[in-house]
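Given next are the chains, with one letter for each unit.
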Amino acid sequence: MLRTGLVSAPTAAARLFSSASARFASTLVIAEHDGAVLAAGTLNTITAASKLGGNITVLVAGASPKAVADTVSKVKGVSKVVAVEHAGLKGLLTEAVTPVVIAAHKKTPFTHIVAPATTFGKTIIPNIAGKLDVAPISDIIGVKSEDTFVRTLYAGNAIATVQSTDAVKVVSVRTTAFEPAAATGGSAAVESSSDGAVDQTQSVFVGQELVKSDRPELAAAQVIVSGGRALKSKENFKILYDFADKIGAAVGATRAAVEAGYVSNDLQIGQTGKIVAPTLYMAIGISGAIQHLAGMKDSKTIVAINKDPEAPIFQVADFGLVEDLFKAVPELSSKVKAK
Ligand SMILES: Cc1cc2nc3c(=O)[nH]c(=O)nc-3n(C[C@H](O)[C@H](O)[C@H](O)COP(=O)(O)OP(=O)(O)OC[C@H]3O[C@@H](n4cnc5c(N)ncnc54)[C@H](O)[C@@H]3O)c2cc1C
């Protein structure tokens, strides 16, 4: 069960409970990876897990999890790595991974089970919570104590503090809200198994189509150049790609640009896309709809280029330029070249 609202200072009894239970806290982090490389958000999730107190075990499930398990064993703060190998774990389908998590939890009960709030984590966390008959807590941005978490509501326009009274807290973590754990400095033991809690009866991984790009990955990029409907066509996005490549930035987009077919939907930033918080976010030809702001307003510096001085994006921008983007961006680009 979840209690939402402003949580008052803990009573003496609650403090006693939390310090007594803290000794027994143990967290299972579900690693996200592609079979070869650990997804960066797992490191941020490990940092969130470290704020819960107690030992951190990381589960690496996969068709061949060994390499990723080795990587995870070196991450600072990790006490143990459980590597579960099974051909049916290819693609990390929720239906295959969930029984593996439940089996691990049956063996050594955890007080917390956490995953990054990526598409992977957003799918698996509610499934695990359903199996354990507890309420999941999605997309946390802060940890107040081992049972109290901070998350956003209404497209980031309200912040809720929620307290869970469930025996197991099943949580997804907004990776941009936590620093990544150090990738080195740890020496956790790796426990390998190939036992088959894997359920292959419900779904099978057939294949995937990945967008190939040499640009930095959106979720981890320090600089993002993002375009909206104003770009008017797929071809015109080249202006942004050229500029982004010059400054080593990732490229993002609004839903309007995705729906118009200018870019693929993995570039969408916002409430129904990716949530990013780079050092610099450049919103180009973007009005600043509430659903877009939900995905980027925690960026350190926001720059907006828009020809409408009344565009809502200027209310969140640190620097704004009222100008036609087709004039401003090539000009900016040429200035960078001149540097
Ligand atoms: C449930 C729901 C979920 C949603 N999720 C998302 C989401 O995740 N992400 C998202 O982005 N949106 C999302 N949306 C859509 C959102 O409401 C807006 O429609 C969308 O963000 C608008 O995109 P835009 O800023 O590119 O387009 P517009 O709102 O059309 O803005 C274009 C802007 O470009 C400016 N402009 C035009 N021409 C030029 C030029 N030549 N030079 C400079 N500026 C120019 C205009 O002044 C305008 O401000 C969601 C909507 C709903 C209902």
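Quick caveat: nothing in here was measured; it's all calculated off a predicted structure.

Examining the overall build of the chain
A count of helices and strands for the chain gives 9 helices and 15 strands. Its C-alpha atoms give the chain a radius of gyration of 22 Å, near enough to 20 Å, the size a compact globule of 339 residues would have. Projected onto its principal axes, the C-alpha coordinates of the chain cover approximately 60 × 50 × 40 Å. Within the span of the chain, comprising 339 residues, buried residues form 45% of the whole. For the chain, restricting intrachain contacts to residue pairs at least 6 apart in sequence, the fraction spanning at least 24 positions comes to 66%. Total accessible area computed for the chain in this model is approximately 16900 Å², and 54% of it derives from carbon and sulfur atoms. Taking the average place of the 33 positive charges on the side chains of the chain and the average place of its 29 negative ones, the gap between the two points comes to 3 Å.

Examining the sheet that holds strand E12 (residues 250-253)
Adjacent strands of a sheet form backbone hydrogen bonds with each other and so pair up, either parallel or antiparallel. With parallel pairing, 5 strands are arranged side by side in an open sheet as E12-E11-E13-E14-E15. Each having just a single partner strand, E12 and strand E15 (319-322) make up the two edges of the open sheet. With direction set aside, neighbouring strand axes in the sheet form an average angle of 15°. Bridge analysis of strand E11 (residues 223-227) against E12 gives 4 bridges, and the strand direction is parallel. Within the sheet, the bridge partner assigned to Gly227 lies in E12 and is Ala253. Across the sheet, helix H6 (residues 237-247) touches E11, E12 and strand E13 (280-284), and the angle it forms with E11 is around 175°.

Some details on the site of the ligand
With respect to spatial proximity, 25 residues lie near the ligand, and among them Arg229, Thr254, Thr272, Ser287 and Gln291 are the closest. Here Gly285 contributes a backbone N or O atom positioned 3.2 Å from an oxygen atom of the ligand. Here an oxygen atom of the ligand and a side-chain polar atom of Ser287 are 2.6 Å apart. Coverage of the ligand by the protein amounts to 77% of the 980 Å² it exposes when considered alone. Every element with two or more residues in the shell around the ligand is listed here: helix H7 (255-259), helix H8 (290-293) and helix H9 (325-338).

Examining the environment of Ser138
In this fold, Ser138 is placed in strand E6 (residues 137-145). Taking relative accessible area as the criterion, Ser138 reaches 35% and is therefore assigned partly exposed. Sequence spacing of Ser138 and Ala253 is 115 residues, and the spatial spacing of their C-alpha atoms is 24 Å.

Let's talk about the pattern of salt bridges
This structure, assessed with the given rule, holds 10 salt bridges. Note that Lys107 is salt-bridged to Glu191, the shortest N-O span being 3.3 Å. Of this pair, Lys107 sits in helix H4 (residues 94-107) while Glu191 sits in strand E10 (residues 189-193), and the two are 84 residues apart along the sequence. Salt bridges here are not isolated pairs; linked through shared partners, they connect Glu323, Lys327, Glu331 and Lys335.

Thoughts on the pairing of strand E2 (residues 26-30)
The buried count for E2 comes to 5 of 5 residues, which makes it a mostly enclosed element. Neither face of E2 is open: one carries Ser26, Leu28 and Ile30, the other Thr27 and Val29, and all of them are buried. Of the strand pairs in this sheet, E2 and strand E3 (residues 55-62) are connected by 5 bridges, and their pairing is parallel. Looking across to E3, one finds that Val29 is bridged to Val58. Handedness of the crossover joining E2 and E3 through helix H2 (residues 41-50) is recorded here as right-handed. The pairing of E2 with strand E5 (residues 112-116) spans 3 bridges and is classified as parallel. Within E5, the residue paired with Val29 across the bridge is Val114.

Observations regarding the domain arrangement of the chain
Under the domain assignment, the chain is made up of domain 1 (26-193) and domain 2 (223-335). Look at where the C-alpha atoms of domain 1 and domain 2 centre, and you get two points 31 Å apart. Counting residues at the interface gives 7 residues for domain 1, matched by 9 residues for domain 2. Where domain 1 abuts domain 2, roughly 590 Å² becomes buried across the two surfaces, and 51% of that area is made up of carbon and sulfur atoms. When the area that domain 1 buries against domain 2 is broken down by residue, the three leading residues are Ala155, Arg174 and Thr176, summing to 68%. Along the contact surface separating domain 1 from domain 2 lie 0 salt bridges.

Conventions used here
Residues numbered from 1 in each chain as written. Predicted model: local features only at pLDDT ≥ 70, side-chain atom pairs only at ≥ 80, totals over all residues. Heavy atoms only, no water. Helix = DSSP H or I, 4+ residues; strand = E, 2+ residues; numbered from the N terminus. Rg over C-alpha atoms; globule rule 2.2 N^0.38 Å. Buried < 20%, exposed > 50% of the residue type's maximum accessible area, 1.4 Å probe, protein only. Contact = heavy atoms within 4.5 Å. Areas by Shrake-Rupley, 256 points an atom, 1.4 Å probe, with all protein chains shown as cover. Lys, Arg positive; Asp, Glu negative; His and termini not counted. Charge placed at Lys NZ, Arg CZ, Asp CG, Glu CD. Pairing = 2+ DSSP bridges. Axes fitted to C-alpha atoms, helices over the stretch in contact; angles between N-to-C directions. Near = heavy atom within 4 Å. Polar contact = N/O pair within 3.5 Å; in protein donor to acceptor, adjacent residues only side chain to side chain. Salt bridge = Lys/Arg side-chain N within 4 Å of Asp/Glu carboxyl O. Right-handed = clockwise from strand over helix to strand, strands pointing away. Domains from an automatic or database assignment. Buried area = accessible area lost by both parts, 1.4 Å probe.

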